[in-house]
Amino acid sequence: MARTILYGGTFNPIHRGHLDICIRAREAVDGDRVLLMPAALPPHKFSGWLAPDQDRLAMCSLAGQGLGFFQVSDEELRRGGRSYTVETLRRLTAKEPEEHFWLLIGSDMFLTFTQWREWREIARMASLLVASREDGDREKLLAQQKALQKEGIDSLLLDNPPLPMSSTEIRRELRETGNSKKIPPEVLAYIRERGLYLHDPEDLPYLREYIRPLMTDYRYRHSLGVEKQAAYMAQRYGADVQKASLAGILHDVCKDMPKGPLLQNILESGIINGIDFSASPQLIHGYAGALYLQSHMGIHDPAVIDAVRYHTTARAGMSLLETIIYLADLTSEDREYGDVALMRRLCEEDLRGAMIHALTHTVGELVKKGKPICPDTREACGEYGVEIPTVNGGTI
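For every chain, the first residue of the written sequence is number 1, and numbering continues from 1 onward in sequence order. Given that this is a predicted model, residues contribute local features only at a pLDDT of at least 70 and side-chain atom pairs are listed and counted only at 80 or more, while totals for whole chains, interfaces and linings are drawn from all residues. The side-chain figures draw on all heavy atoms in the structure; neither hydrogens nor water molecules are used.

Asks: Where do I start with the pattern of salt bridges in this structure?
Replies: Between Lys or Arg on one side and Asp or Glu on the other, a salt bridge is scored when a side-chain nitrogen of the former is within 4 Å of a carboxyl oxygen of the latter. Scanning the entire structure with this criterion turns up 30 salt bridges. Across the pair Asp256 and Arg219 runs a salt bridge whose closest N-O atoms are separated by 4.0 Å. You can see Asp256 sitting in the loop between helix H12 (241-250) and helix H13 (259-269) and its partner Arg219 sitting in helix H11 (residues 217-237), a full 37 residues away along the chain. One salt-bridge network, in which partners are shared between bridges, spans Asp74, Glu75, Arg78, Arg79, Glu87, Arg91, Lys95 and Arg117. Secondary structure elements are defined from DSSP: runs of H or I of at least 4 residues count as helices, runs of E of at least 2 residues count as strands, and each element is numbered from the N terminus.

Here's what the structure looks like:
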């Protein structure tokens, strides 16, 4: 029976520590191959700035050059959404039922294994192979190994030196120096060629280039227009211009992405605020965008994240920055609806008046189309004294 070591992760970027532990794992179990599988979006953690899927796949392939037992799979990247190990193993074991799979994980993942989705099913499909990640964790690993044995789950602890390398620290090193000895030279050359990890996550010229392939031409022009309008309004009303520009250029980062995986991420995050997204799919991109900024782009400023999250719905208690992004989205230079000139004038003169006008128009259109009004928008209307019309002409 052939033996495959499955090693998944973001590989953001792959480094010498990853390669070393794969070599040690193969020697420990006399493995026939090591299957590297970059994750689309790991469910266990945010990953900082996450390089595009195809770049991470390419870096893994480059890192394994010259090592005949290395293979790279795009299984989880093609599937999209959050990467759950149980789903991956089901597919692999169905394709190769005669293969014996070893699942290579770090000590942190091993110690929380019983919190994984369908962990018993994972252990049925693959043996656990555990690499130490820090000094002094051996005793904890042995205790966990004993506890899992009582559940009928066997595991093998590698006799490896703890992995001192952190992808987060490597990304910082790359950003600050453009170099790292912890990365194979072929991977480093690729990173330099593609300009990965070399920019500040909040560098606006870089972000304009980053979002370009994620959007249609129309959406990209709109995003540039919202950035411009948001920066102007921030300067006029004394808000942080950098944060306004950042939220403006990124507010629609998920707008043109497939809604299915985006909705899955939102539901799993638990931050849904009582919204029925199936009835209001136009609201998905704002909430998904707030998650995407954190998970894929290394942007964690709560003010910017909230401005992106609520730019479509509004909410009660909006900050000045949130108000600016909400209104900039409605008044950017590409907008051409009937009373856009009035909206722009109100934004120049009276933010509260602009919000009242915008909310009145929004809820009116939703009611006219028979669409639900989400709780955030209702609460914003209550704060601004905007009455919500009913289908028969009354108000709520």
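Asks: Explain the sheet that holds strand S4 (residues 100-106) here, please?
Replies: The strands making up a sheet associate through backbone hydrogen bonding, with each pair oriented either parallel or antiparallel. The strand order S3-S2-S1-S4-S5-S6 describes an open sheet built from 6 strands, whose pairing is parallel. Every interior strand has two partners, whereas the edge strands, strand S3 (70-72) and strand S6 (155-157), have only one. Strand-to-strand twist in this sheet, taken as the mean axis angle between neighbours without regard to direction, amounts to 25°. When DSSP locates at least two bridges between a pair of strands, those strands are taken to pair. When strand S5 (residues 126-131) meets S6, the two strands line up parallel, connected through 3 bridges. Across the sheet, Leu129 pairs through a bridge with Leu156, a residue of S6. Here helix H4 (residues 85-95) sits on the sheet in contact with strand S1 (3-9), strand S2 (33-38), S4 and S5, set at roughly 160° to S4. Those strands touched by helix H7 (residues 138-150) are S5 and S6, and its axis lies near 165° from that of S6. For every element, the axis is a line fit to its C-alpha atoms; helices are fit only across the contacting stretch, and the angle between N-to-C directions ranges from 0 to 180 degrees. Should any heavy atoms of two residues lie within 4.5 Å, those residues are considered in contact.

Asks: Even after reading the chapter, I still don't get the environment of Glu134, so can you show me in this structure?
Replies: Structurally, Glu134 is set in the loop between S5 and H7. For the pair formed by Glu134 and Pro162, sequence separation is 28 residues and the distance between their alpha carbons is 4.8 Å. Not counting the four nearest positions on each side in its chain, Glu134 is found in contact with Lys140 and Pro162.

Asks: Help me out: how do you make sense of unusual backbone geometry in this one?
Replies: Keep in mind that most residues, glycine aside, have a negative phi and that most peptide bonds are trans. In the segment running from Asn12 into Pro13, the intervening peptide bond is cis, with an omega of 5°. With respect to the secondary-structure elements, Pro13 resides in the loop between S1 and helix H1 (16-29). In the Ramachandran plot, Ala314 falls in the positive-phi region, its phi being about 60° despite a non-glycine side chain. Structurally, the position occupied by Ala314 is in the loop between helix H15 (302-309) and helix H16 (320-331).

Asks: Is there a simple way to explain the packing of helix H10 (residues 204-211) against H12 in this structure?
Replies: The relative placement of two packed helices is expressed as an angle between their axes plus a distance between the axes. Between H10 and H12, the least distance of the axes is 10 Å, while the angle of their chain directions is 5°. Viewed along their axes, H10 and H12 adopt a mutual orientation that is roughly parallel. Within the contact between the two elements, H10 uses Leu204, Leu207, Arg208 and Ile211 and H12 uses Gln242, Ser245, Leu246, Ile249 and Leu250. Any angle that is under 35 degrees is reported as roughly parallel, and any over 145 degrees as roughly antiparallel; angles of 65 to 115 degrees are reported as roughly perpendicular and all others as oblique.

Asks: Quick question: what am I supposed to make of H7 here?
Replies: Side chains of residues three or four places apart in an α-helix project in the same direction, reflecting 3.6 residues per turn. Along its 13 residues, H7 runs 19 Å from first to last C-alpha, staying within 8% of the 18 Å computed at 1.5 Å per residue. Residue burial is assigned from relative accessible area. The probe radius is 1.4 Å, only protein chains are included, and a residue is buried under 20% of its type maximum, exposed over 50%, and partly exposed in between. What H7 keeps buried is the set Leu141, Gln144, Gln145 and Leu148. The buried residues of H7 all sit within an arc of 105° when viewed along its axis, so they share a single face. In this structure, H7 carries Glu139, Lys146 and Lys150 as exposed residues pointing more than 90 degrees from its buried face. On its buried face, H7 is in contact with helix H5 (107-111), helix H6 (119-125), S5 and S6. Each residue after the first adds 1.5 Å to the expected span of a helix. Read the arc as the range of directions from the helix axis to the C-beta atoms.

Asks: How should helix H18 (residues 351-368) be read in this particular structure?
Replies: The end-to-end C-alpha distance of H18 is 26 Å, a good match for the 26 Å that 18 residues give at a rise of 1.5 Å each. For H18, the complete set of buried residues consists of Leu351, Gly353, Ala354, Met355, Ala358, Leu359, Val363, Leu366 and Val367. Here the buried face of H18 lies against H11, H16, helix H17 (340-349) and helix H19 (375-384). The N-cap residue of H18 is Asp350: its side-chain oxygen and the backbone nitrogen of Arg352 are 3.3 Å apart. Of the residues one or two after H18, Gly370 is the one with positive phi, at around 75°. Here a polar contact is taken to be a pair of N or O atoms separated by no more than 3.5 Å, where protein atoms must pair a possible hydrogen donor with a possible acceptor and residues adjacent in sequence count only if both atoms sit in side chains.

Asks: Before we go on, may I ask you to explain the environment of Ala307 in this structure?
Replies: Mapped onto the fold, Ala307 is located in helix H15. Take Ala307: its relative accessible area is 0%, and that puts it in the buried class. The spacing of Ala307 and Gly248 is 59 residues in sequence and 8.7 Å in space, taken between C-alpha atoms. For Ala307, the residues in contact, after removing those within four places along its chain, are Ala247, Leu321, Glu322 and Ile325.

Asks: Honestly, the packing of helix H14 (residues 284-297) against H15 in this entry has me stumped. Any pointers?
Replies: One can describe the packing of H14 onto H15 by two numbers: an axis separation of 7 Å at closest approach and a directional angle of 155°. By the angle between their directions, the pair H14 and H15 is classed as roughly antiparallel. Contacts between H14 and H15 pair Gly286, Tyr287, Gly289, Ala290, Leu293 and Gln294 from the former with Val304, Ile305, Val308 and Arg309 from the latter. Taken together, the residues of the contact of H14 with H15 sort by class into 6 nonpolar, 3 polar and 1 charged. Under the grouping applied here, Gly and all other residues not named as nonpolar or charged are polar, the nonpolar ones being Ala, Val, Leu, Ile, Met, Phe, Trp, Tyr, Cys and Pro and the charged ones Asp, Glu, Lys and Arg.

Asks: How do you make sense of the nonpolar core when you look at a structure like this?
Replies: Nonpolar side chains tend toward joint burial in soluble globular proteins. Judged by nonpolar contacts, the single largest core of 95 residues is most densely connected at Ile14, Leu36, Leu104, Leu250, Met297, Leu327 and Leu359. Take this core: its biggest share by element is 8 residues, from H18. Beyond its immediate stretch of four places on either side in the chain, Leu359 contacts Ala314, Tyr326, Thr377, Ala380, Cys381, Tyr384 and Val386. To qualify as a nonpolar core, a set must consist of buried Ala, Val, Leu, Ile, Met, Phe, Trp, Tyr and Cys residues joined through side-chain atoms within 4.5 Å.

Asks: Got a minute to help me understand the environment of Val226 in this structure?
Replies: Turning to its location among the elements, Val226 is positioned in helix H11. Taking relative accessible area as the criterion, Val226 reaches 0% and is therefore assigned buried. Each C-alpha atom, one on Val226 and one on Pro52, is 24 Å from the other, the two residues being 174 residues apart in sequence.

So far we have only geometry, and geometry alone does not tell us how the molecule works.
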